[in-house]
Number of protein chains: 6
Amino acid sequence: MKFVCFGEIMGRINPVGFKRIVQTNNFEITYAGGEANVAVSLANFGKNAAFITKMPENIIAQAALRSLIAHKVNVDDVVFGGERLGLYFVEKGASQRPSTVIYDRKHSSISESAREDFDWNKVFEDCCWFHFTGITPALGKNVAEICLDACKTAKEKGIKVSCDLNYRSKLWSAKDAGETMSKLMEYVDVLIANEEDSEKVFGISAPDSNIKSGELSKEGYKYVAKALNDRFRIPVVAITLRKSLSASDNLWSGMLYKDNEFYFSKEYNIHIVDRVGGGDSFAGGLIYAISENYNNQDIVEFATAASCLKHSIEGDFNEVSAAEVLKLMNGDGSGRVQR
Amino acid sequence: MKFVCFGEIMGRINPVGFKRIVQTNNFEITYAGGEANVAVSLANFGKNAAFITKMPENIIAQAALRSLIAHKVNVDDVVFGGERLGLYFVEKGASQRPSTVIYDRKHSSISESAREDFDWNKVFEDCCWFHFTGITPALGKNVAEICLDACKTAKEKGIKVSCDLNYRSKLWSAKDAGETMSKLMEYVDVLIANEEDSEKVFGISAPDSNIKSGELSKEGYKYVAKALNDRFRIPVVAITLRKSLSASDNLWSGMLYKDNEFYFSKEYNIHIVDRVGGGDSFAGGLIYAISENYNNQDIVEFATAASCLKHSIEGDFNEVSAAEVLKLMNGDGSGRVQR
Amino acid sequence: MKFVCFGEIMGRINPVGFKRIVQTNNFEITYAGGEANVAVSLANFGKNAAFITKMPENIIAQAALRSLIAHKVNVDDVVFGGERLGLYFVEKGASQRPSTVIYDRKHSSISESAREDFDWNKVFEDCCWFHFTGITPALGKNVAEICLDACKTAKEKGIKVSCDLNYRSKLWSAKDAGETMSKLMEYVDVLIANEEDSEKVFGISAPDSNIKSGELSKEGYKYVAKALNDRFRIPVVAITLRKSLSASDNLWSGMLYKDNEFYFSKEYNIHIVDRVGGGDSFAGGLIYAISENYNNQDIVEFATAASCLKHSIEGDFNEVSAAEVLKLMNGDGSGRVQR
Amino acid sequence: MKFVCFGEIMGRINPVGFKRIVQTNNFEITYAGGEANVAVSLANFGKNAAFITKMPENIIAQAALRSLIAHKVNVDDVVFGGERLGLYFVEKGASQRPSTVIYDRKHSSISESAREDFDWNKVFEDCCWFHFTGITPALGKNVAEICLDACKTAKEKGIKVSCDLNYRSKLWSAKDAGETMSKLMEYVDVLIANEEDSEKVFGISAPDSNIKSGELSKEGYKYVAKALNDRFRIPVVAITLRKSLSASDNLWSGMLYKDNEFYFSKEYNIHIVDRVGGGDSFAGGLIYAISENYNNQDIVEFATAASCLKHSIEGDFNEVSAAEVLKLMNGDGSGRVQR
Amino acid sequence: MKFVCFGEIMGRINPVGFKRIVQTNNFEITYAGGEANVAVSLANFGKNAAFITKMPENIIAQAALRSLIAHKVNVDDVVFGGERLGLYFVEKGASQRPSTVIYDRKHSSISESAREDFDWNKVFEDCCWFHFTGITPALGKNVAEICLDACKTAKEKGIKVSCDLNYRSKLWSAKDAGETMSKLMEYVDVLIANEEDSEKVFGISAPDSNIKSGELSKEGYKYVAKALNDRFRIPVVAITLRKSLSASDNLWSGMLYKDNEFYFSKEYNIHIVDRVGGGDSFAGGLIYAISENYNNQDIVEFATAASCLKHSIEGDFNEVSAAEVLKLMNGDGSGRVQR
Amino acid sequence: MKFVCFGEIMGRINPVGFKRIVQTNNFEITYAGGEANVAVSLANFGKNAAFITKMPENIIAQAALRSLIAHKVNVDDVVFGGERLGLYFVEKGASQRPSTVIYDRKHSSISESAREDFDWNKVFEDCCWFHFTGITPALGKNVAEICLDACKTAKEKGIKVSCDLNYRSKLWSAKDAGETMSKLMEYVDVLIANEEDSEKVFGISAPDSNIKSGELSKEGYKYVAKALNDRFRIPVVAITLRKSLSASDNLWSGMLYKDNEFYFSKEYNIHIVDRVGGGDSFAGGLIYAISENYNNQDIVEFATAASCLKHSIEGDFNEVSAAEVLKLMNGDGSGRVQR
């Protein structure tokens, strides 16, 4: 049974090491995107993951495609055509200097795709799960409609739908996000959010939290999850809790609201190698753990441990196995050499 | 007195060495463009070169700008705004495998610029030369009009105008190119072309040449230059003569039609390091040599020697001094170590 | 219909650039092997290629496996187990310094595999072609027997069998090679050889050729192909003709003996980027062209053009498409930039 | 109005990453120097910064010059001639292993320059600020005299003079430094020092501090600043407060003594990317903030935040904008990704 | 007087930076091994260190040999022959992701060496110390016997014998290790161990420690050292105390049991650059300090400081001098830049 | 018996690949010098080579020293002290762009060494050969005197003396070179020169050769060798014959005048990887072949083949074995892969 992820895959261009773009001619290009990252996580955990997008027929898009194929992600239903592959530039931050991400994704094939491009009935054959993020509908009204088509078809077929809220202020306004995402929420079974996104998109926030200061109370998280559940009748809500000490060091944990209970994972003190894709690796871990019928506490532990490990991995893709996640989750975070 | 070049500067993204895009994650990014390359050539030869374009306000455009500033190119009249910096991907070819260039330049700031963006009277203050290529008007009707504005203003101010024909079939049709370029030719004092472009854009070709076979007769070149002069009353026509033995080895020379005479340069047997930007370096050398009042034979020798050296330089920019060009032109092509 | 290739995939370890192993700590690791290279060629040409081997369950073998998956090579029937992944070290030569290859492949999983490891009836389901090289039976008597099993099963199922003679003196003696390969020849429909291997393995050589001098007569090649056909009743014999001017420059062409006629390809003057895998890319092109029912002249032209391009590609895998091969084969070897 | 910085620019040669010189052949070369770093900081903040030095006419000096030009530093008054460009080698330390710096700057053009080389009246046209460090007079008696010339001319013209004490024991003795610097102090309006330098050069130290232990009291700093003010009548004294936990982690803050008051900045807990140039970036920030008429608390906050960011940047140059410094200074040190 | 180290030197292959093997083609190869690392430490401290092994005659082994020669390690008694050089692959971990080490050392020349290969009487001429680790006898019964030969000959000649217990579960079972190592202990004068190895090999452990949690009591260490001394009459026992906070951060100290007293070193809070070889650098420091007749406290301080520095060095070899170790040991761990 | 080489070893700094210094921050540093290169050649051929120089006590000099030790060059008599290690910058040329070499060697320890630094009686114990080049006396009058001391001592002890003329116009005038070298010639048994140096230093040239055009007649070479022999009574004169087609392609051969006969080697058509050190590798090969008592034809063939191979090797050091040279010399220059 397939896990279908729908969204954009982009070329990720970053200077080698901690250089800024203006300082160097040496770059790495890898390929990534919110939903592609989830597909790769699921494939790395052994699931039959499929990725759906539209991409142009050129050599840079071929490289993006190959990176998915290499991870055994099913790309049989990728649509070809359109103008360009979206790109984004990353400067890796350190200490008090934040990482910066500059998108160059306008006019990408997926952002200019049409509803006719995708045959969701075919895509969802032999499928058990559909995942998308708030980035995909933000690419344009056409893509938002395609998302809605997908959600509706998924619902009809009894496929579980998960969504990572992932608000991007450079792609759309909070108002537009709120309207569009509210409509999509109707179809969502599992929502992943963080407090900041929840406030910006739906105006839901705990009374007194202060995200930037890194001071986040557990009660605030509970409030947000409950409020999301109340408003949209979403049975499962997961929230990632990042306390950003600096660009180099973060505290990281997760919360799951499920079966009307709250489950908090253990908290990891992370020394960051590459932080981009951290949220997506949480989503990937969460979907895996739910689909494996883990108990509720283990679901949030697995998702958090998976995304903890992602922070030690270069690139967006979470290059770890389920066994490695379980090993961390079950206690060995000491980082001793494995011989 | 300024030499003003107008066009697009892009990020040039290429795999390190001879790798194909799909094979590697290690890339180099430099910044280049037909007219920017000419501006850098002129600056490297000691001229006061200025580059005019429109570029977005983001960190990748800042890096492009810095690459110009580093070469002492005057960027005071660059206009900021718009969506994105154009990009292009290069795979360096070798032996029988050709280099490939994939453009990702649509929707760039310059391609979507408006006539109001540029104040040519101000740009052309204290200016003696204006250079553009056939790529710039190919970016869009708006940009073609801006080119026409620039040409007219230059003419009014008695500024010399040079144009490198540079036909790009991916940007516009031969028919569109012919119509637009014909109008612009009226203002051009120095035209640089090769036989292939001349045929495609203006339908001017020698009766029996065969470009791909590398068999090009001197008579054919004379015919083309004369025909261009006949049709457009352009006093100076220069033609580059590339005999491509393979992606690694080329024969390279130039011809100048000036004062109703034909001047052929010596021919260089080039082992190629990086061929992209070779034509632009010829234009840069030509403009420099004309502006220095070299005699006609020396003009074409300088332009050819300059571009010969470019083929040994990584990146589009021709990182050589006038002294180095003169040294080659005056006979020392033996490649002996300079200690 | 699958094209099944059976053999060893190894880690290929080479210094970056032209450094010798003793000079540097900077290495590239890619993954390759005679038959794996053919499988990748076929997959790159759009065929359903499968690779069969035995490899250990560790992270370096996983990387080898991923490199096949990335090229869409079917690895469903790869067997896991055994001790180690074979490795080989390459020093890229230049000018008068030859490339050196040091094998570290003893005790690899495939070399110690057992006949029971492979279920050829299952492997050959829905298969039209079986390919192996003389390297595989050279890995050990057990592997030679497995080869024989595979050949017999292929024959029973009416599957075409191709073999690249590929004699490796470090793996076995000429005598052992002759005995073993002679037995296997009975099942072979398409044999690829060069004059040197043919002489060493089967004692078949033209009267007066001198391989090292690079002076090879067409008549000698005809003699060898005919002799191979005479002795083993192999309907199709292809011979690669390498005239090694230096480690940097080779003349390269091919000959096909088929339907009792000799077909010589055009000869390419190659400036070498990476020569390892050149013969395999010829085999890959040959199998593709035969399976596409090209006419005999085109078969040898395609195989030769494909392998010509390989010499311009870093690594063993021939990263070119059928369209690129056809473009070269149909005349454009000028190496002009493709924009 | 120009900000003129006078001193040496050198080639900075360091192994890639954390390698020691003896371990590797892979190096990076950038260009830097105490005053050049300040000039680049000021230029990056948008000021019209000029750099004055003497450098030889060769290709390595040209590269140093280009690095300044690329940052829009005015180099119109650089003097050419002399023997060599100074160099220094850096091994980046980590954890308990300190960074090491080996100077190879003797006989550099600037160190052997003559008073006649510099026309300070011309240099100081349209100038509002002059900056130098204690390194420059340490290069030789001739250079100390040139410094004095510059200071006197600046004073005559009403130009503000700043000096970073920067004692280098390898360049001169504490006694020589004390004598020479004392004479120069007469002209200094803004002095930057740290406790260690103040003690070594002027014998001024707080009773009981222990620099190496990292235990530094605020009272000690106040004492030193006041004592410097007392002795030399310098109206503004700034002191950097580095608590070195290890080569990887430092606490970093600053103190400003101005208008007879003490202002302490917030303290940053820095995970170090590259520490060399940290003090210079403080000076650059300080000069900028004073020239922008920030209030006294903001002056020290800006200088400290600027230099905090520098520690996250590879190379000596502080590649950050004023906007980025303000963002950190105004509270967002959480290092969250900027999208 | 020579310090002889006997064991295996391998090629160490690791991805550049923090990449996993499957993510990259860019690798570093250096050469290392438990006893080779000790030999290099001793040579770097100025001792006459010799390394004894058997290695094949090929270019990769030549590179390993050169790396020893470069460090002035005496390799005059290295034996040549056999099949292959052992290799191992390292993925450098970070934060909660542990480093992984995959050995590919089976069938190496040393592991298949015979007792006749080594003439210990000749090796031990003019020798004062013999060092081996528990890895060497684990390579095979033959090598264990060779170790025993060496130990006996050393004892006869009055040479001090040191052993680092270094249990490797992938090489042999705890039971085999216990039997073999017990026999060898008879000859050992200085034993280096950690609590984990001591428990696995000899079943000696403190009642209630928990290694993975990083909670290790001093009393437990004392217990273990005393128990080892009791059982084997080893006069000197040193134990390394690693508290692994994560793969990036460790607390590190050492304990020495000598002259019936316990000596604990200071504890270092290490931010890790490369952790592999950390234990060997402790052994190297210990042997050096004992042979220099340091007092007991200084012995353990030197060994711990040496190995603390190793964690900041890329590769297994501890590229520091005795002077650098003494500097750290005598108090300056602040990591301030050395100019 | 030692082969003693006396001269300077420098840090060689070059951009990676074909970049110019101004284009990149990525450099390689290796260590080289005319006589050090010969010492390494001899050591690589299995001889007991010693290198004598004076170098400073710092980490960059340590790296130079280690590079010699790694090649088994005896450095026991290297003198430590003085200011700095000489450096030189190389830009690798290609095609018509020549390589450039910029020296930064003034004030190096060896150039400022004193006669008292070297105890030639001790150095020449157990020595059979002394080699120096014209670069060493060019470093200063002091060094010229040291050279004379060495030559005299060598003569007294019956040690063979070889000298490579190697004129460097940037180090001294032709007149100074002539005077100094003439005095030293008295002690020289084997002189290596090329026509250009011979003309510049001694005014000896064939009537009508034209070096830069690459047209060199055999008769001219004979004339020069004979004239050198006539003037200085040098029994053996060897001349290298480089026909520089371009910076990428050279024809290369050698001539030996010995026993009153002329011996010309075969000529190699070289595609150049790195040309610097080519002459030194000829000298190394010559000395080796003479000392091995090769016949006269084989002497010049070995020297030429050795230096032919050097052109395919990165860096100054000729990283080839005598076996590899013999293989090329005895006919296999086809560059076929060695498996």
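For the structure, check the block above.
What you are looking at is a predicted structure, and each value in this text was computed from that prediction instead of being measured.

(A) The pattern of salt bridges, seen in detail. If you walk through the whole model with that rule in mind, you get 144 salt bridges over all chains. Across the pair E:Lys19 and A:Glu28 runs a salt bridge whose closest N-O atoms are separated by 2.4 Å. On the criterion of chain membership, the pair formed by E:Lys19 in the loop between strand S2 (10–15) and strand S3 (26–32) and A:Glu28 in strand S3 (residues 26–32) is interchain, its members lying in two chains. The same class applies to E:Lys19 as to A:Glu28, namely buried. Put simply, E:Asp104 and C:Arg84 hold a salt bridge, and the shortest N to O gap is 2.6 Å. Taken together, the positions of E:Asp104 in strand S8 (residues 100–104) and C:Arg84 in the loop between strand S6 (79–80) and strand S7 (87–91) put the pair across two chains. By the burial criterion, E:Asp104 is buried, and C:Arg84 matches it. A single network of salt bridges, built from pairs that share partners, joins A:Arg84, A:Asp104, B:Arg84 and B:Asp104.

(B) Main features of the interface of chain B and chain D. Across the contact, 7 residues belong to chain B and 7 residues belong to chain D. Buried surface at the junction of chain B and chain D, summed over both partners, amounts to about 640 Å²; 55% is from carbon and sulfur atoms. Together, B:Arg66, B:Ile69 and B:Ala70 form the three largest contributors to the area buried by chain B at its contact with chain D, with a combined 72%. The interface formed by chain B and chain D holds 2 salt bridges in total. Ionic pairing is found between D:Glu319 and B:Arg66, a salt bridge with its closest N-O pair at 3.2 Å. For the pair chain B and chain D, the number of links is 4 residue pairs in polar contact (both at pLDDT 80 or more).

(C) How the structure looks around helix H11 (residues 322–329) of chain F. Residue and element names in this part refer to chain F. Residues Ala322, Val325, Leu328 and Met329 constitute the buried set of H11. One face of H11 carries all of its buried residues, which in axial projection span an arc of 125°. Each element contacted by the buried residues of H11 is listed here: helix H1 (34–44), strand S15 (268–271), helix H9 (278–291) and helix H10 (296–310). Looking at the residues trailing H11, positive phi occurs at Gly331, about 120°.

(D) Fine view of the interface of chain D and chain A. At the junction of the two partners, chain D supplies 23 residues and chain A supplies 27 residues. In total, chain D and chain A occlude about 2,400 Å² of area from one another, counting both sides; carbon and sulfur atoms represent 51% of this. Of all residues in chain D, the largest losses of buried area upon contact with chain A belong to D:Arg336, D:Val337 and D:Arg339, amounting jointly to 33% of the total for that side. Among the ionic pairs, D:Glu324 bridges to A:Arg20, the shortest N-O distance being 2.7 Å. If you look at where chain D meets chain A, you find 11 residue pairs in polar contact (both at pLDDT 80 or more). Mapped onto the side of chain D that touches chain A, the elements with two or more residues apiece are strand S15 (268–271), helix H10 (296–310) and helix H11 (322–329) of chain D. When the residues that make up the side of chain D that touches chain A are grouped by side-chain class, the tally is 9 nonpolar, 7 polar and 7 charged.

(E) Up close: the environment of F:Val38. Residues and elements named next belong to chain F. Tracing the backbone through its elements, the reader meets Val38 in helix H1. Residue classification places Val38 among the buried positions, given a relative accessible area of 0%. Counting along the chain gives 244 residues from Val38 to Phe282, while the straight-line C-alpha distance between them is 8.5 Å. What Val38 contacts, discounting residues up to four positions off in sequence, is Cys5, His131, Asp280, Ala283, Gly284 and Ile287.

(F) Region of interest: the relation of the copies chain B and chain D. Of the two same-sequence chains, chain B is brought onto chain D (RMSD 0.0 Å, axial shift 0.0 Å) by a rotation of 180°. Such a combination of turn and shift is consistent with a two-fold rotation axis. Identified as the residue of chain B closest to the rotation axis by C-alpha distance is B:Ala70, at 1.9 Å. By residue overlap, the copies meet face to face through one surface: 100% of the interface positions of chain B are interface positions in chain D.

(G) Broad picture of the side chain of E:Lys19. The class of E:Lys19 is buried, set by a relative accessible area of 14%. In terms of polar contacts, E:Lys19 uses its side chain to reach the side chain of A:Glu28, at 2.4 Å. Here E:Lys19 is in contact with A:Glu28, A:Glu314 and E:Thr24, once residues within four sequence places are set aside.

(H) Highlighting helix H1 (residues 34–44) of chain C. Residue and element names in this part refer to chain C. Summarising burial for H1: 11 of the 11 residues are buried, a large majority. The complete set of buried residues in H1 reads Gly34, Glu35, Ala36, Asn37, Val38, Ala39, Val40, Ser41, Leu42, Ala43 and Asn44. Just past H1, the residue Gly46 takes up positive phi, approximately 100°.

(I) Region of the structure containing the packing of aromatic side chains. What the rule picks out here adds up to 102 aromatic pairs over all chains. With 6.2 Å between their ring centres and 20° between their planes, C:Phe3 and C:Trp129 make a pair best called stacked. Linking C:Phe3 in strand S1 (residues 2–6) with C:Trp129 in strand S9 (residues 127–133), this pair joins segments that are 126 residues apart in sequence. Of the two residues examined, C:Phe3 and C:Trp129, each falls in the buried class. Cation over ring: D:Lys92 sits above D:Phe18, and NZ or CZ is 5.9 Å from the ring centre.

(J) Local environment of the sheet that holds strand S3 (residues 26–32) of chain D. Read from one edge of the open sheet, 8 strands run S8(D)-S7(D)-S2(D)-S3(D)-S3(F)-S2(F)-S7(F)-S8(F), paired in mixed fashion. Each edge of the open sheet carries a strand with a single partner, namely strand S8 (100–104) of chain D together with strand S8 (100–104) of chain F. Neighbouring strand axes in the sheet, compared pairwise and without regard to direction, differ in orientation by 30° on average. One ladder, built from 6 bridges, connects strand S2 (residues 10–15) of chain D with S3(D); its direction is antiparallel. When the sheet's bridge partners are listed, D:Ile13 is paired in S3(D) with D:Ile29.

Rules used throughout
- Residues numbered from 1 in each chain as written.
- Chains lettered and ligands numbered in written order.
- Predicted model: local features only at pLDDT ≥ 70, side-chain atom pairs only at ≥ 80, totals over all residues.
- Heavy atoms only, no water.
- Salt bridge = Lys/Arg side-chain N within 4 Å of Asp/Glu carboxyl O.
- Helix = DSSP H or I, 4+ residues; strand = E, 2+ residues; numbered from the N terminus.
- Buried < 20%, exposed > 50% of the residue type's maximum accessible area, 1.4 Å probe, protein only.
- Contact = heavy atoms within 4.5 Å.
- Buried area = accessible area lost by both parts, 1.4 Å probe.
- Polar contact = N/O pair within 3.5 Å; in protein donor to acceptor, adjacent residues only side chain to side chain.
- Arc of directions from axis to C-beta.
- Nonpolar A, V, L, I, M, F, W, Y, C, P; charged D, E, K, R; others polar.
- Least-squares fit on C-alpha atoms with pLDDT ≥ 70 in both.
- Phe/Tyr/Trp six-rings, centres within 6.5 Å; stacked < 30°, edge-to-face > 60°.
- Lys NZ or Arg CZ within 6 Å of the ring centre and 35° of its normal.
- Pairing = 2+ DSSP bridges.
- Axes fitted to C-alpha atoms, helices over the stretch in contact; angles between N-to-C directions.

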